[in-house]
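Read off the chains here:
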Amino acid sequence: MTMDAQSVLTFWFNELTPAQWFKKDTALDQQIAQRFSQLLKSAAACECYEWRGTAQGRLAEIIVLDQFSRNIYRDDPRSFANDALALALAQEAVAAGADAELAIDQRVFLYMPYMHSESAAIHELAMQLFDQPGLENNLDFEVRHKAIIDRFGRYPHRNALLGRASSDEELAFLQQPGSSF
């Protein structure tokens, strides 16, 4: 089956509920893997470049790279492997004004690679992007993410998965409720 950008958007915004977007659900992870794992491989190889001609297409490519990778490769270092590419595509989309063409619930996912970044400089931009009407809840999450990056320079909850040693301060932080997303 040939997959197109619209099928990604239809799945994400029409077949799923907002509650499913951020919930760990093994059955949903398996469904996304079954339907979209080949597409993720294509997107990771930059083979979906034609999608970038429209704001909707740009968004679909970013969802595949940034969101589907987290579902398909949950608890696997590969879940973060496409973060830099997703961020670069999001930066290009914002620079082109493509975000202004999207509905507010779609913009969230265009901006999500900024929130997933472990760069303090990128989080400064994320604060600006999420600070708009309709994104107040997401801005709250960005503030919390930025605080972790400002404190540690990275997300400590990724350390074990990525084979990074955690400092004593990070280990203490990870014992706190809400320390990982």
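In this text, all values refer to a predicted model and were calculated from it rather than measured experimentally.

Undergrad: Explanation requested: the packing of helix α7 (residues 120–130) against helix α8 (residues 136–152) in the structure shown.
TA: For any two helices packed against each other, one specifies the inter-axial angle together with the distance between the axes. Close contact between α7 and α8 brings their axes to 10 Å; oriented N to C, the two are set at 165 degrees. Taken together, the axis directions place α7 and α8 in an arrangement best described as roughly antiparallel. As α7 runs across α8, the sense of the crossing is left-handed. Residue-level inspection shows Ala120, His123, Glu124, Ala126, Met127 and Phe130 of α7 in contact with α8, the latter providing Asn138, Leu139, Glu142, Val143, His145, Lys146, Ile149 and Asp150. Of the residues in the contact of α7 with α8, the class split is 7 nonpolar, 3 polar and 4 charged.

Undergrad: Any chance you could explain the pattern of salt bridges here in plain terms?
TA: When the charged atoms of two side chains lie near each other, side chains of opposite charge can form a pair. Taken as a whole and assessed by the stated rule, the structure comprises 12 salt bridges. A salt bridge links Arg151 to Glu169; the shortest N-O distance between them is 3.1 Å. One end of the pair, Arg151, is in helix α8; the other, Glu169, is in helix α10 (residues 168–174), and 18 residues separate them in sequence. In this structure Arg151 comes out as partly exposed when scored by relative accessible area, which is 43%.

Undergrad: What is the right way to look at the nonpolar core in this model?
TA: Across soluble globular proteins, nonpolar side chains show a tendency to be buried alongside one another. Grouped together as the largest cluster of nonpolar side chains are 47 residues, with contacts concentrated most on Val8, Trp12, Ile63 and Phe68. The set of elements that each furnish at least two residues to this core consists of α1 (5–15), α3 (26–44), α4 (55–72), α5 (83–95), α6 (104–116) and α7. With 9 residues, the top contributor of residues to this core is α4. Two domains each provide a minimum of three residues to this core, namely domain 1 (1–106) and domain 2 (117–180).

Undergrad: Whenever I open this one, the environment of Phe80 confuses me. Can you help?
TA: For Phe80, the location among the structural elements is in the loop between α4 and α5. Looking at Phe80, the relative accessible area reads 18%, which means it is buried. Beyond its immediate chain neighbours, meaning those up to four positions away, Phe80 contacts Arg70, Arg158, Leu161 and Leu162.

Undergrad: I'm lost on the domain arrangement of the protein in this one. Help?
TA: Bring the parts together and some accessible area is lost; that lost area is often taken as the interface size. When the domains of the protein are assigned, the result is domain 1 (1–106) and domain 2 (117–180). Summarising the inter-unit geometry, the C-alpha centres of domain 1 and domain 2 are found 21 Å apart. Counting from both sides, the interface comprises 12 residues of domain 1 and, opposite them, 10 residues of domain 2. A buried area of about 790 Å², summed over both sides, lies between domain 1 and domain 2, and 74% of it is on carbon and sulfur atoms. The tally of links between domain 1 and domain 2 comes to 1 salt bridge. With a shortest N-O distance of 3.9 Å, Asp83 and Arg158 are connected by a salt bridge. The tally of links from domain 1 across to domain 2 stands at 0 residue pairs in polar contact (both at pLDDT 80 or more).

Undergrad: Please clarify how α8 should be interpreted in this entry.
TA: In an α-helix there are 3.6 residues to a turn, and that puts residues three or four apart on one side. In this model α8 runs 25 Å from its N-terminal to its C-terminal C-alpha over 17 residues, within 8% of the 24 Å that 1.5 Å per residue would give. Looking at the packing, one finds that the buried side of α8 touches α6, α7 and α10. Phi turns positive one or two residues past the end of α8, at Gly153, with a value near 80 degrees.

Thresholds, definitions, all that
Per chain, the residues get numbers from 1 upward, laid out in the order the sequence is written. Selection of residues for local features in this predicted model requires a pLDDT of at least 70, selection of side-chain atom pairs for listing and counting requires 80 or more, and totals for whole chains, interfaces and linings are taken over all residues. Note that the side-chain values use all heavy atoms of the structure and ignore hydrogens as well as water. An axis is simply a line fitted to the C-alpha atoms; with a helix, the fit covers only the stretch in contact. Between two such axes, the angle follows the N-to-C directions and lies from 0 to 180 degrees. In this description a helix means any DSSP run of H or I spanning at least four residues, a strand means any run of E spanning at least two, and both kinds are numbered starting from the N terminus. Note on angle classes: values under 35 degrees are labelled roughly parallel, values over 145 roughly antiparallel, values of 65 to 115 roughly perpendicular, and the remainder oblique. Crossings are assigned a handedness: left-handed for a near helix turned anticlockwise from the far helix by less than a right angle, right-handed for a clockwise turn. Only heavy atoms enter the contact rule, under which two residues are in contact if any of them lie within 4.5 Å. In this classification, Asp, Glu, Lys and Arg are treated as charged, Ala, Val, Leu, Ile, Met, Phe, Trp, Tyr, Cys and Pro as nonpolar, and every other residue, Gly included, as polar. Each reported salt bridge corresponds to a side-chain nitrogen of Lys or Arg within 4 Å of a carboxyl oxygen of Asp or Glu. Buried, partly exposed and exposed residues are distinguished by accessible area as a fraction of the type maximum, computed with a 1.4 Å probe on protein chains only: under 20%, between the cut-offs, and over 50%, respectively. Take the buried residues of types Ala, Val, Leu, Ile, Met, Phe, Trp, Tyr and Cys, join any two whose side-chain atoms come within 4.5 Å, and each joined set is a nonpolar core. Residue ranges for the domains originate in an automatic or database domain assignment. Here the quantity called buried area is the accessible surface, traced with a 1.4 Å probe, that two parts lose on coming together, added over both. Side-chain atoms alone can form a polar contact between residues adjacent in sequence; in general such a contact is a pair of N or O atoms within 3.5 Å, and within protein one must be able to donate a hydrogen while the other accepts it. A helix's residues, less one, multiplied by 1.5 Å, set its expected span.

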